[in-house]
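# Coordinates in review
The residues making up each chain are set out below.
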Amino acid sequence: MNAGTAYLSSAAGLLVATAIKLWALRKNPRDPLLRAVTATLFVGALLFVTAAPPHLAAINAMFGVPNIAAPIVYSILTAFDAATIVLLIHWRGNDDARVTRRQTRSCLTAYALVVLAIWALFALGDAPIERLRDLDTYYSRTPWIREMVVLYLAAHSVAAVTMVVLSRRWSKQVSGTLKGGLLLIAAGAACTFAYDLLKYTAIIARWLGHDWDWLSTQVAFSIASFSAFLIAAGFVLPPLGQGAGYRWRALCRFRRLHPLWLEVRPEIPSTSPPPMPWWQPVEHRLMQRERDIFDAVLRLTPWFDRSTGAKVYALALAEGAGSRRARSEADASVIAHAVIGKGRAAPAVPPEVRWTISSIEESDDLLDMSDAMLRSSRVEVTRQSAALAENRA
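What comes next concerns the included structure.

The subject of this paragraph is the nonpolar core. In terms of nonpolar packing, the biggest core is built from 63 residues, with Leu41, Tyr74, Trp91, Met148, Val149, Tyr152 and Phe235 touching the most fellow members. Elements supplying a minimum of two residues to this core: α1 (3-27), α2 (32-51), α3 (53-63), α4 (69-92), α5 (97-124), α7 (145-171), α8 (176-207) and α9 (213-256). Counting residues in hydrophobic clusters, the runner-up holds 31 residues, among them Phe254, Val264, Ile268 and Met373.

Turning our eyes to something else, we now look at the packing of α7 against α8. Relative orientation of the contacting elements α7 and α8 amounts to 155 degrees, with a least axis distance of 8 Å. Classified by the angle their axes make, α7 and α8 are roughly antiparallel. For the element pair α7 and α8, the recorded crossing hand is left-handed.

Here the focus is unusual backbone geometry. Notably, Asn67 is not glycine yet its phi reads approximately 70 degrees, a positive angle. Relative to the helices and strands, Asn67 resides in the loop between α3 and α4.

To describe a pair of aromatic rings, you give the distance between the ring centres and the angle between the ring planes. Evaluated as defined, the whole model comprises four aromatic pairs. Centroid distance Tyr74 to Tyr152: 3.8 Å. Interplanar angle 10 degrees. Geometry classified as stacked. Taken together, the residues Tyr74 in helix α4 and Tyr152 in helix α7 connect sequence positions 78 residues apart. The exposure class of Tyr74 is buried, given its relative accessible area of 7%. If you follow Arg26 out to its NZ or CZ, it ends over the ring of Trp23, 4.0 Å from the centre. Directly above the aromatic system of Trp261 lies the positively charged group of Arg289, at a separation of 4.8 Å from the ring centroid.

Should their charged atoms come close, side chains of opposite charge can pair. Across all of its chains, the model carries 16 salt bridges by this definition. Residues Lys199 and Asp136 are paired through a salt bridge, measuring 2.8 Å at the closest nitrogen-oxygen approach. In this pair, Lys199 sits in helix α8 while Asp136 sits in helix α6 (residues 135-138), placing the two residues 63 residues apart along the sequence. Relative accessible area serves as the criterion here: at 7%, Lys199 is assigned to the buried category. As a salt-bridge pair, Arg378 and Glu329 come within 2.5 Å of each other at their nearest N and O atoms.

Rules of the game
Within any chain, residue numbers begin from 1 and follow the written order of that chain's sequence. For this predicted model, a pLDDT threshold of at least 70 governs which residues receive local features, and a threshold of 80 or more governs which side-chain atom pairs are given and counted, while totals over whole chains, interfaces and linings are taken from all residues. Hydrogens are left out, water is left out, and the side-chain values use all remaining heavy atoms of the structure. Here, nonpolar core means buried Ala, Val, Leu, Ile, Met, Phe, Trp, Tyr and Cys residues that are tied together by side-chain atoms lying within 4.5 Å of each other. A 1.4 Å probe rolled over the protein chains alone gives each residue an accessible area, and that area as a share of the maximum for its type sets the label: buried under 20%, exposed over 50%, partly exposed in between. Every helix listed is a DSSP run of H or I at least four residues long, and every strand listed is a run of E at least two residues long, numbered separately from the N terminus. Axis definition: a line fit to C-alpha positions, over the contact stretch in the case of helices; interaxial angles, taken between N-to-C directions, run 0 to 180 degrees. Working rule for angles: under 35 degrees goes down as roughly parallel, over 145 as roughly antiparallel, 65 to 115 as roughly perpendicular, anything else as oblique. Crossing handedness is defined as follows: a turn of the near helix away from the far one that is anticlockwise and smaller than a right angle gives a left-handed crossing, while the clockwise case is right-handed. Any pair of Phe, Tyr and Trp rings, taking the six-membered ring for Trp, is counted once the centres come within 6.5 Å. Such a pair is stacked with planes under 30 degrees apart, edge-to-face with planes over 60 apart, and tilted for the rest. Two limits define a charge over a ring: the Lys NZ or Arg CZ must be within 6 Å of the ring centre, and within 35 degrees of the ring normal. By definition, a salt bridge exists where a carboxyl oxygen of Asp or Glu is found within 4 Å of a side-chain nitrogen of Lys or Arg.

Here you go:
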């Protein structure tokens, strides 16, 4: 893979990550952290686009100044370093907002001064021969240009070390996809520091009269591409993982509520919309299922028989069930009994002897009641007894 293709591949990866963030930003445009992540990823993509050797030549030709693309790329790289550190500072957060603002101002000020110094040193130096791949080493002995190269590498190294420290420190306090994302960022930053070390080695070798340029032009450039993918993946993984986790939990809840929904389905109001097809978002389908259950239970309330619930509750406790499980089985039994009783036009239960369904109020309790509807032998006995009474009637 040639240099241009590799750099553009890295840019493409960062642009994909930017697109993912833009999609999330469309739904939540006022989220400052999301905007910061999107901007950081876009600056990273811009960096690799401008750093591709064919584009370096185009930039030099556009401005008519040999090697002017170098300070442009170094400035974008420095801006990316600053944005990444600021992003980690805000992502981590701080109980004292003043500390966060002070850290942000210090970082932005320091890196803004680095950008100004890069341009000043380039203006003072003399680099008349265009170098698209090896400017760092070719001009490593040229006054002012040498200092410019060392300055941008030093700023880049400080950013890499800072990212490793912040990411590793925070990863010890969190778990799940956020921890994985932070470890990916730390690994990417470590690769970035390795990139800098290779650059330093090639430059120092030039100072000592050796030619180790391949460390800078081949090995370091490959590490830079890999580092970009790791950092981009680190920023993208947590929100994607959290979203996938949320949808998975919603799907599990949707499926667990199926037995209860089937039981009360005859009492779902005819005016309710039909069940959404499977390709609709699972969270929307879950909301519809829960709404149908609540509406049906409300319609069944006048047929909730206290004696049925009390009998099942006492029997479950006597057989060693915990109070929560016993209550879920009692509630499920009362609902199953009410569905059959209402279906055969049995008279409503007087308000003073009605059973109160408590499980409908709590999310986890509702799931327990649905599980009892499917698995409890006591609920099945109640259902069979009610059906037998209907046949006798």
